[in-house]
Amino acid sequence: MSKTTTLFTNAIVLTMDEDFHLFEPGAVAVQDGNIVAVGLETEVKPRYADEAEVVDCAGRVLMPGLVNVHTHVPMTLLRGLADDLRLDVWLLGYMMPVEREFVSPEFVKLGTDLACAEMIRGGVTSFADMYYFEDDIAESTAKAGMRAVLGQSVLKFPSPDSPSFEDGLHRSEEFIQKWKDHSLITPAIAPHAPYTCTDEILQKSSEIATRYDVPLHIHLAETASEVEDMRSAQDMPVIPYVKKQKLFNARVIGAHCVHIDDGEIHTLMHHGVGVAHNPSSNMKLASGAAPVAKMLDVGLNVGIGTDGTGSNNDLDMFEEIRLASFLAKLDTMDPTTLPARTALLMGTRMGASVIGVDDVTGSIEVGKAADLILVDLTRTHNMPRFSHNSDNIYSQLIYASKSTDVSDVMINGQFVMRNRELLTLNEKQIFEDAQKVALQIDDFLQDRENSVLLKLIAVGDAMEEESFEVQAKISIDDPEVVLKALESDQYEIVYRRLYHEYDTYFGFADKADGFLRYREDHFMDEQGGVEQVRSRLTLIGPESEAVQDDVLLSRSRFLAPATQSERFYREYFKPTSETEVEKIRQRFLIRYHGAEFYVNIDEMIVPEMGFFLEAKSRTWSRRDADAKSIMIVDLINDLQGGKAGKSQKGDYISLVQAFKK
Ligand SMILES: [Zn+2]
């Protein structure tokens, strides 16, 4: 008959309880998944030795398992896919497009298996996640035997598991109902971030979290630009904004909170928000240093997270706890800030309270679940050892020990690793399967990176279909002639606009890619003030052909609203050339012989090229294009009082050639 009690003896027991009790040589007894005794070996051993399976912990620290308070576990399969990029380019240009293509229930299960294997090896026993198909993540996590708070993501745009935010909310609610009473899994809802959600999503998520009394996991104030954008859109920073959406009615796990001020720290404190601090991710993406020392000073609960492996790139909590301490010291220029013991507290009991599981885990105390790890202190980098001061052991663990020193891991009373051998996961199979997925993603990205169009589609919110455009453009001496002609009865002016137009033409090594134009239209009022700014991206096909002698048919014009900055597109598309064009455009939509045409009078400012007259029309077929092009030649001739008619095409091409330099 196997013994139901496990007795750890001969250990350096680090309890991480309220009084930071240390026992050496210490012992811990575990029965039915729970800790039933902890203390000096001389006291505990006699009571349990006869009935227990004894684990001799010589040379090892016995401590509570680490708590990773913020991660995205399936992203292990995206580890190393795209690095050294700015957050927006990384997230919107790479992570999200690849996720849309590849993330499925099978994908997240495999990614979770890999993450659980890595975390168990590194002494993590609990984690808080946020991702898609969280139900499948829960299954894999429970199978691996890990404790977790799992947040089903909700976003305002289509995600891999939900075509709309309504679906996301519905999926979250079903997920919560299904897992509500599981012994290892705490379900949660995860509206991704204020900038990827709407007011309604934040409010409804908070309602759902409150109704089911589950945590709400969200990214908050991660970058300075997020806060700037929020200020310009809502006239307030991120924390007051989410408070206004009643987010803090729920128990909130706020990831990052890098760019928040003293007032916001107090707001978080007042509402019992737990902060998930992610030093590696904040450093790697150059997001900044969260004011962790201040947060701890006012009594805020701050835990430590690895964030996803896309931005870290591992799930090593030993490293993360160490970096939390180092980053706080550097940020405050004070080496006494965030000492080792406090850092380890954040990685254990305080982290457990951030994610709402401190009643069962985070410290070695009678009545808590047996989430325990053994750390080997006999390896080279841990030698020698001092013990004149009770804090020596904490600095030993945080500043010298490594995740690979973890030899044994028990979660909820079950061993999941013994003597560095994983008991619930088959690493060989996981590695093989993960490599297969990596090869598929490699192929996908290689194809995409070779095509400007595919890259544009990957980040375009709403692509318009391919359209054809017929246009003629000529250089003119006097725009007044045209303006006067437009007053004639043969033209009906549907509307006229005036704007200052700034274009950047991105060129590429492969001429077949054509040009990508980033255009900002600054609409001007009568007084010349800017009324409104609109940005668009247009992929202009490489080939323009003449349908008439003087008229060009350009094809493959793909349009997308430019929702990101010009800097984003530059870093994402990596053009090999750039040409700036600036002009003042008077645009008319006119009706001429029953058809609609745009007539533009452009004053070219950069490059300084004088005035141009352009007429164009969108068409849907080649035959239509032929008819329109004849009309355009007539139109231009009319507008110029019959003076035009030669070398329009030549002029147009010379302008295009100027861009190609
Ligand atoms: Zn994150």
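In what follows, the accompanying structure is described. (Residues numbered from 1 in each chain as written. Predicted model: local features only at pLDDT ≥ 70, side-chain atom pairs only at ≥ 80, totals over all residues. Heavy atoms only, no water.)

## A closer look at the overall build of the protein chain
So, step 1. When you go through the protein chain residue by residue, the secondary structure sums to 21 helices and 26 strands.
So, step 2. For the C-alpha atoms alone, the extent of the protein chain along its principal axes is close to 110 × 50 × 45 Å.
So, step 3. Expressed as a percentage of the 661 residues in the protein chain, the buried residues total 57%.
So, step 4. Summed over its atoms, the accessible surface of the protein chain is roughly 27,500 Å², and 48% of this surface lies on carbon and sulfur atoms.
So, step 5. Measuring between centres, the 66 positive side-chain charges of the protein chain sit 2 Å from its 105 negative side-chain charges. (Helix = DSSP H or I, 4+ residues; strand = E, 2+ residues; numbered from the N terminus. Buried < 20%, exposed > 50% of the residue type's maximum accessible area, 1.4 Å probe, protein only. Areas by Shrake-Rupley, 256 points an atom, 1.4 Å probe, with all protein chains shown as cover. Lys, Arg positive; Asp, Glu negative; His and termini not counted. Charge placed at Lys NZ, Arg CZ, Asp CG, Glu CD.)

## Focus on the coordination of the zinc ion
So, step 1. At the metal site, the zinc ion is ligated by His70 (NE2), His72 (NE2), His219 (NE2) and Asp307 (OD), and these contacts range over 2.1 to 2.3 Å.
So, step 2. Read from N- to C-terminus, the donor residues coordinating the zinc ion fall into the pattern H-x1-H-x146-H-x87-D. Accessibility classification places His70 together with His72 in one group, the buried group. (Donors = N, O, S within 2.8 Å, 3.2 Å for Na, K, Ca; no water.)

## Quick notes on the packing of helix 17 (residues 452–459) against helix 19 (residues 566–573)
So, step 1. At a minimum axis separation of 11 Å, helix 17 and helix 19 run at an interaxial angle of 135°. Relative to helix 19, the element helix 17 is oriented oblique. Like other packed secondary-structure pairs, helix 17 and helix 19 cross with a definite hand, here right-handed. Along the contact surface, helix 17 presents Val452, Lys455, Leu456, Ala458 and Val459, while helix 19 presents Phe568, Tyr569, Tyr572 and Phe573.
So, step 2. For the contact of helix 17 with helix 19, the class distribution of residues is eight nonpolar, no polar and one charged. (Axes fitted to C-alpha atoms, helices over the stretch in contact; angles between N-to-C directions. Parallel < 35°, antiparallel > 145°, perpendicular 65-115°, else oblique. Left-handed = near helix turned anticlockwise from the far one by under 90°. Contact = heavy atoms within 4.5 Å. Nonpolar A, V, L, I, M, F, W, Y, C, P; charged D, E, K, R; others polar.)

## With respect to the pattern of salt bridges
So, step 1. Counting across every chain of the model gives 44 salt bridges.
So, step 2. Between Arg121 and Glu427 there is a salt bridge, with the nearest N and O atoms lying 2.8 Å from each other. Here Glu427 lies in helix 16 (residues 427–449) and Arg121 lies in helix 3 (residues 105–121), a separation of 306 residues in the sequence.
So, step 3. Via salt bridges that share partners, Lys473, Glu501, Asp503, Arg519, Lys583, Arg585, Asp602, Glu614 and Lys616 belong to a single interconnected network. (Salt bridge = Lys/Arg side-chain N within 4 Å of Asp/Glu carboxyl O.)

## Some details on the side chain of His256
So, step 1. Mapped onto the elements of the fold, His256 is located in strand 11 (residues 251–256).
So, step 2. Residue class for His256 comes out buried when judged on its relative accessible area of 0%.
So, step 3. Looking at His256, its side chain comes within polar contact range of the side chain of Asp307, at 3.3 Å.
So, step 4. Not counting residues within four places of it along the chain, the set of residues in contact with His256 comprises His70, His219, Leu220, Glu222, Val275, Ala276, Asn278, Ser281, Asn282, Ala290 and Asp307. (Polar contact = N/O pair within 3.5 Å; in protein donor to acceptor, adjacent residues only side chain to side chain.)

## Comments concerning the packing of aromatic side chains
So, step 1. One pass over the structure, following the stated rule, counts 15 aromatic pairs.
So, step 2. Aromatic pair Tyr592 and Phe597: ring centres 6.3 Å apart, planes at 70°, arrangement edge-to-face.
So, step 3. Here the aromatic cluster, defined as three or more aromatic residues joined through ring pairs, consists of Tyr94, Tyr518, Phe568, Tyr569, Tyr572 and Phe573.
So, step 4. Sitting over the face of the ring of Phe20, Arg341 holds its NZ or CZ atom 3.7 Å from the ring centroid. (Phe/Tyr/Trp six-rings, centres within 6.5 Å; stacked < 30°, edge-to-face > 60°. Lys NZ or Arg CZ within 6 Å of the ring centre and 35° of its normal.)

## Considerations on the nonpolar core
So, step 1. In this structure, Phe107, Leu344 and Leu397 are the most contacted members of the largest nonpolar core, which totals 137 residues.
So, step 2. Core analysis: the next-biggest nonpolar cluster, separate from the first, contains 24 residues, Val470, Tyr491, Tyr592 and Met631 among them. (Core = buried A, V, L, I, M, F, W, Y, C linked by side-chain atoms within 4.5 Å.)

## Points about the side chain of Asp136
So, step 1. The topology assignment puts Asp136 in helix 4 (residues 134–144).
So, step 2. Residues contacting Asp136, with those up to four places away along its chain left out, are Pro105, Val108 and Lys109.

## Looking at helix 17
So, step 1. Listing the buried residues of helix 17 in full gives Val452, Lys455, Leu456, Ala458 and Val459. Down the axis of helix 17, the smallest arc covering the buried residues is 160°, so these residues share one side.
So, step 2. The N-capping residue of helix 17, defined by a side-chain oxygen 2.9 Å from the backbone nitrogen of Leu454, is Ser451. (Arc of directions from axis to C-beta.)

## Examining the pairing of strand 16 (residues 414–418)
So, step 1. In the sheet, strand 15 (residues 406–411) pairs with strand 16 via three bridges, with the strands oriented antiparallel. Following the sheet pairing, Ile411 is matched in strand 16 by Gln414.
So, step 2. In textbook terms, the turn of a hairpin is the stretch between consecutive antiparallel strands, and for strand 15 and strand 16 this stretch comprises two residues, one of which, Asn412, has a positive phi near 55°.
So, step 3. Following strand 16, the chain reverses through two residues before pairing antiparallel with strand 17 (residues 421–422); Asn419 in that reversal takes a positive phi of roughly 45°. (Pairing = 2+ DSSP bridges.)

## Looking at unusual backbone geometry
So, step 1. Note the cis peptide between Asn312 and Asn313, where omega equals 10°.
So, step 2. Tracing the backbone shows Asn313 in the loop between strand 13 (302–304) and helix 12 (317–332).
So, step 3. Of note, Leu338 is a non-glycine position whose phi angle comes to about 45°, a positive value.
So, step 4. Among the structural elements, Leu338 can be located in the loop between helix 12 and helix 13 (340–347).
So, step 5. The buried category is assigned to Leu338, whose relative accessible area is 5%.
So, step 6. For Asn412, which is not glycine, the phi dihedral falls at a positive 55°.
So, step 7. With respect to the element layout, Asn412 can be found in the loop between strand 15 and strand 16.
So, step 8. Of the residues examined, Asn412 reaches a relative accessible area of 24% and is grouped as partly exposed.

## Quick look at the environment of Tyr131
So, step 1. With respect to the helices and strands, the residue Tyr131 is situated in strand 7 (residues 124–131).
So, step 2. Along the sequence, Tyr131 and Ser162 sit 31 residues apart, while their C-alpha atoms lie 12 Å from each other.

## Focus: helix 3
So, step 1. Between its first and last C-alpha atoms helix 3 spans 24 Å; for 17 residues at 1.5 Å apiece the expected length is 24 Å, and the two agree.
So, step 2. Helix 3 sits mainly inside the fold: twelve of its 17 residues count as buried.
So, step 3. Inspection of helix 3 places Phe107, Val108, Leu110, Gly111, Thr112, Asp113, Leu114, Ala115, Cys116, Ala117, Met119 and Ile120 among the buried residues, and these make up the whole buried set. (Expected span 1.5 Å × (residues − 1).)

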